[in-house]
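# Summary of the model geometry
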Amino acid sequence: MDGRERILKAFNSEPVDRVPWVPFVGVHGAFLIGKNADEYLQSADLMVRGIESAIEAYQPDGMPVCFDLQLEAEALGCKLAWSKENPPAVISHPLAGGKSVGILPVFDKESGRISLVLEAAWRARQGSPGTAMYGLITGPFTLALHLLGTDIFMMMFENPDYIKELLSYTAGISKNMADWYIEAGCDVIAVVDPMTSQIGPDHFEQFIHNPVSSVFSHIRNHGALSSFFVCGHAQQNIDVMCKTGPDNVSIDENIPLAYVRDICRRYGISFGGNLQLTLVLLMGSPEDCQKHALDCIDTAGESGFILAPGCDLPMKTPVENIKSVGQLVRDNYQRDVVRALDKTPDEMPRLNLGEYGQTDKVIVDIITLDSESCAPCQYMVEAVREVAPHFEELVEWREHSIKNLDGVTFMSSLFVKNIPTICIDGKISFVSQIPPKQELIKAIQKRINEKMKLRIREKHGKIVLAGSPEELREIIEKARIAILELGAQIEIETITAEEARSLYGISQSPAWINVRNRIKSEGTEPAVDVMREWIKALL
Amino acid sequence: MKIPLILVTGFLGSGKTSLLRQVLERLGPRKRIAIIQNEFAPGRVDSAELEASGIPFHLLEINNGSVFCACLLDDFIVRLAEFLKTYQPEAIFLEATGLADPVSLAQVMQAPEVSKYLFLGGVWTVIDSVNFNKYQQYVQRVRHQVQIADLILFNKSDLAAPDAAMTEQINLWNPTAEKFISRNGFFDNIEESISKSMGVHEIPDIAGLKESLPRPDIGSCVIRTQKVYTEKALIGFHDENKEIIYRLKGYVRSRDGQALLVHSVFGRLTIEKAAYWDGPTEIILMGPGIRPGLITKEFLKSGENA
């Protein structure tokens, strides 16, 4: 089942092999290809590149073509202020004060940036046949607000007929856009109408129901699926939104997913949402994102549900965060890992792992969910088990299952984030992927060689002889003979007794000082608790 | 020391600019004040009017592409951090424009880059006493702004005194907020309210030296979650953390679909049914040593999936 099939089935509440996942990549696409939001949203080429990059990085089931709720408004004469990191903002309202819609320009495919967005849709469709393409259109109420400005709220009260006429006009614009997106190959037409969250159900029914229902009927009659996107505090409207007849309702973090689930199921329509954008996807860690995504899936259930953020991803959302959500969705076992880790306390004690890498043996640790029940963990353990005898007594290996508290403690002490992971002498070496036998042998051998080198170099030391030249003359001669007899390569350094006093704390001369190099680490910055152990050895 | 951020909300034309002018007149001569507002939003605070007052302040505009979505603010975090370092304001007033979600804005302030500099000192909501009855029927955001406030001003009292129906409605939506009648943004308790939101009230009043005494470093946190809570879980969370929570306020969803109004000041917790809350669980915490990441984790652990 490819992503497109999965989305289509989920929209129809048919069984799917897993929950489909749609990251709403809008200006985040610009970030992925190193461009600014303003140039991105004004170039079909850049949008196509952004969509392709997002599909490659995130392997989503569906992808919006363009997330810009100012597109139609601009084509109808609203002035825009462009931003490098956000979609543009509407800064003028051609119908302000209640002017007639008759003054608005003709709306066609050549208006504003519409042709380039449609071109991007067509090219993205051709380039990614296995991904469901979403054509996003500005909902009738939000478009009306762009055209009229915030006078709309007072005019709903004072001149309801005018507002109804305006909404009928903007619904017509939505139908045009839907037709064009469908022609370009989009599978889903999402009517994005966040401003409806500002009104209550009575006024929704009075003003919004008819125009929006007509848009959804139109989309259905033209063979595409529809979604009603709304963000903000719109809980009061979910029921009336369902009554407008979309195939899907998609919401953000302001509305409890369980609430939407129950209402949508009652109406037999699918639903989507509601990953938190700011605190989790933008500011959280990959682990936070996975945990939150799992909560959403657990709440929503796997039928008739599409996992998605509540809105357009912030431009600089960390790529690793979005990837981690996809990984969780595609990988059942990753869900088990997240569940297992969720049961552990937040503040784990950390082990002192100062001894790692210090013993003669090489220690191989495998951090697993549980090798008996988790296939990737089992294969990783088997790989180590098979390789270890090649090194006879030199290699010792252990499995640490995170189903036990000890395992989790060990995991956090080694700063391991993914399961399964192989650590060699406390260093993360293989993450998630089962290494081929030769690669594992090579990695262990490399570590053995490093230790050998360290030990050889440790043998190098020097003799410091402290005293006056007269005092030292005979001692130096005898020391040279002794070194020669042992066949050692050790240098002799002489210093005056005065220097020796301050450097080595000797009280009488002549004095003999053995200096031995103990290399504790190379090319890494050891942790403070490790340093502490090394320092103790000198006390 | 962290500086207070006061969120000023209110629907279009309610009198936010007049209020800020009153605040500037009182605070401006002795503190460095910053005002943050949305660059393109209609009905925003009129910076020209404030500048005309002659009282110095620093202005930072949120260049957000959308008047209705506060989620696209990642570039703003960087700009704000830079702004705080450059101007080192001693108090910030963030104007949440008429249609924006103020809680989303407050959440953005929890980004590590800026939360180390500031805490949420208070949420002030200005009500247009003349037009409230009309707007509140149409615009859901008006209710949300009232519900999350800890100070509510019935402004334009010279044009229309708040009637009984309006007062009753506001009290139903938010029984715990302090409420004052104001005219052109001025109200009798303005000095005390400013001090309170600046965190000055958190230290003992010794011979009127409040403002010169060191203030414990206050942190704040806004949590919005889909989790549901039992009263027992809330009491447990509160008791565990009451040493570090000076104030807690918000709405919490329970498993049976009801909403609870949770309110705590210096360890005195009250929980009651909230008849008019239809959003998710949403709480604001303030107190010494509050670290948003840790307290959020603890609060989420106390809840259950819906």
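The rules we used
Residues numbered from 1 in each chain as written. Chains lettered and ligands numbered in written order. Predicted model: local features only at pLDDT ≥ 70, side-chain atom pairs only at ≥ 80, totals over all residues. Heavy atoms only, no water. Helix = DSSP H or I, 4+ residues; strand = E, 2+ residues; numbered from the N terminus. Buried < 20%, exposed > 50% of the residue type's maximum accessible area, 1.4 Å probe, protein only. Areas by Shrake-Rupley, 256 points an atom, 1.4 Å probe, with all protein chains shown as cover. Lys, Arg positive; Asp, Glu negative; His and termini not counted. Charge placed at Lys NZ, Arg CZ, Asp CG, Glu CD. Contact = heavy atoms within 4.5 Å. Core = buried A, V, L, I, M, F, W, Y, C linked by side-chain atoms within 4.5 Å. Pairing = 2+ DSSP bridges. Axes fitted to C-alpha atoms, helices over the stretch in contact; angles between N-to-C directions. Buried area = accessible area lost by both parts, 1.4 Å probe. Salt bridge = Lys/Arg side-chain N within 4 Å of Asp/Glu carboxyl O. Polar contact = N/O pair within 3.5 Å; in protein donor to acceptor, adjacent residues only side chain to side chain. Nonpolar A, V, L, I, M, F, W, Y, C, P; charged D, E, K, R; others polar. Patch = residues over 30% accessible without salt bridge, like charges linked within 9 Å, V, L, I, M, F, W, Y side chains within 5 Å. Phe/Tyr/Trp six-rings, centres within 6.5 Å; stacked < 30°, edge-to-face > 60°. Lys NZ or Arg CZ within 6 Å of the ring centre and 35° of its normal. Domains from an automatic or database assignment. Parallel < 35°, antiparallel > 145°, perpendicular 65-115°, else oblique. Left-handed = near helix turned anticlockwise from the far one by under 90°.

## Some remarks on the overall build of chain A
Each helix and strand in chain A was counted, giving 22 helices and 16 strands. The dimensions of chain A, computed from C-alpha atoms along their principal axes, are 115 × 50 × 40 Å. Considering chain A as a whole, with its 539 residues, one finds that 56% of them fall into the buried category. Total accessible area on chain A stands at roughly 22,900 Å², and carbon and sulfur atoms take up 50% of it. Side-chain charges in chain A split into 53 positive and 73 negative, and the spacing between the mean points of these groups amounts to 5 Å.

## Quick look at the overall build of chain B
Helix and strand content of chain B: 11 helices and 12 strands. Across chain B, contacts joining residues at least 24 apart in sequence account for 78% of those joining residues at least 6 apart. Accessible area for chain B stands at about 11,500 Å²; split by element, carbon and sulfur atoms hold 51% of it.

## Focus on the nonpolar core
Y134, F153, Y181 and L307 of chain A are the most contacted members of the largest nonpolar core, which has 146 residues in total. The greatest single-element share of this core, amounting to 11 residues, is contributed by helix α9 (residues 160–183) of chain A. Listed in part, the 31 residues of the second largest apolar core include L282 of chain A together with I77, V108 and A111 of chain B.

## Some thoughts on unusual backbone geometry
Of note, the amide linkage connecting S509 of chain A to P510 of chain A takes the cis form, showing an omega dihedral of 0 degrees. Even without being a glycine, Q88 of chain B presents a positive backbone phi close to 40 degrees. Position of Q88 of chain B among the secondary structure elements: in the loop between α3 (74–87) and β4 (91–96). One non-glycine residue, K156 of chain B, lies in positive phi territory at about 60 degrees. Take K156 of chain B: it is sitting in the loop between β6 (151–155) and α8 (164–173). When its relative accessible area of 22% is taken as the criterion, K156 of chain B is described as partly exposed.

## Quick word on the sheet that holds strand β12 (residues 421–424) of chain A
All names here are of chain A. Strand order in the open sheet formed by 4 strands is β11-β10-β12-β13, with mixed pairing between adjacent strands. A single partner strand is all that each edge strand has here, and the edge strands are β11 (395–401) and β13 (427–431). Direction aside, the axes of adjacent strands within the sheet are offset by 25 degrees on average. Pairing of β12 with β13 involves 4 bridges; the strand directions are antiparallel. Note that in β13 the partner of C423 across the bridge is I428. Along the sheet, helix α17 (residues 375–387) makes contact with β10 (362–368), β11, β12 and β13, crossing β10 at roughly 165 degrees. Sheet strands touched by helix α18 (residues 405–413): β10 and β11. Its angle to β11, the strand with the most contacts, is close to 115 degrees.

## Digging into the environment of D298 of chain A
Mapping D298 of chain A onto the fold places it in helix α14 (residues 286–300). Sequence separation of D298 of chain A and W122 of chain A is 176 residues, and the distance between their C-alpha atoms is 35 Å.

## Things to note about the interface of chain B and chain A
The interface is formed by 45 residues belonging to chain B together with 59 residues belonging to chain A. Here chain B packs against chain A, burying approximately 4,400 Å² in sum over the two surfaces, 58% of which is carbon and sulfur. One can count 1 salt bridge joining chain B with chain A. With a shortest N-O distance of 3.8 Å, K227 of chain B and D295 of chain A are connected by a salt bridge. Viewed at the interface, chain A and chain B are joined by 6 residue pairs in polar contact (both at pLDDT 80 or more). Counting residues per element, the ones that place at least two in the side of chain B that touches chain A are α3, α4 (102–108), α6 (132–138), α7 (140–147), β8 (218–225) and α11 (292–302) of chain B. At 4 residues, the largest contribution of residues to the side of chain B that touches chain A is made by α6 of chain B. By residue class, the composition of the side of chain B that touches chain A is 20 nonpolar, 13 polar and 12 charged.

## Considering a nonpolar patch on the surface
All names here are of chain A. Together, V528, M531 and I535 line one region of the surface with nonpolar side chains, adding up to about 270 Å² of accessible area. Structurally, V528 is set in helix α22 (residues 528–538). In this structure V528 comes out as exposed when scored by relative accessible area, which is 57%.

## Brief notes about the sheet that holds strand β10 (residues 259–265) of chain B
Residues and elements named next belong to chain B. An order of β8-β12-β9-β10-β11 is seen for the 5 strands of this open sheet, with the pairing classed as antiparallel. The sheet is open, and its two borders are formed by β8 and β11 (268–273), each paired with just one other strand. Neighbour-to-neighbour, the strand axes of the sheet open up by a mean angle of 15 degrees, direction not taken into account.

## Re the packing of aromatic side chains
Each aromatic ring pair is summarised here by two numbers: the centre-to-centre distance and the angle between the ring planes. Counting across every chain of the model gives 17 aromatic pairs over all chains. A ring pair is formed by F83 of chain B and Y87 of chain B, whose centres lie 5.1 Å apart and whose planes are at 55 degrees; its orientation type is tilted. Pair noted here: F83 of chain B and Y87 of chain B are both in helix α3, with a separation of 4 residues, about one helical turn. Overall, the relative accessible area of 37% leaves Y87 of chain B in the partly exposed class. By the ring-pair criterion, three or more aromatic residues cluster together here, those being F11, F24, F67, Y134 and F229 of chain A. The residue whose ring lies beneath K164 of chain A is F207 of chain A, and the NZ or CZ to ring-centre distance is 6.0 Å.

## A few points about the domain arrangement of chain A
Here chain A is described as being made up of domain 1 (3–330), domain 2 (362–456) and domain 3 (461–516). Measuring from the centre of the C-alpha atoms in domain 2 of chain A to the corresponding centre in domain 3 of chain A gives 45 Å.

## Details of the packing of α9 of chain A against helix α10 (residues 201–221) of chain A
Residue and element names in this part refer to chain A. Orientation of α9 relative to α10, taken along the N-to-C sense of each, is 20 degrees, at an axis distance of 9 Å. In terms of orientation, α9 lies roughly parallel with respect to α10. As α9 runs across α10, the sense of the crossing is right-handed. Residue-level inspection shows P160, I163, K164, L167, A171, S174, K175, A178, D179 and I182 of α9 in contact with α10, the latter providing Q206, F207, I208, P211, S214, V215, H218 and I219.

## Things to note about the domain arrangement of chain B
All names here are of chain B. Partitioning chain B into domains gives domain 1 (3–210) and domain 2 (218–302). Contact with domain 1, which involves 26 residues of that partner, is made by 22 residues of domain 2. Here domain 1 packs against domain 2, burying approximately 2,100 Å² in sum over the two surfaces, 53% of which is carbon and sulfur. The interface formed by domain 1 and domain 2 holds 1 salt bridge in total. In this structure, the salt-bridge partner of D150 is R247, at a minimum N-O distance of 3.4 Å. Between the two partners, domain 1 and domain 2, sit 9 residue pairs in polar contact (both at pLDDT 80 or more). Broken down by secondary-structure element, the contributors of at least two residues to the side of domain 1 that touches domain 2 are α4, β5 (118–128), α7 and α8. A class-by-class count of the residues in the side of domain 1 that touches domain 2 yields 11 nonpolar, 10 polar and 5 charged.

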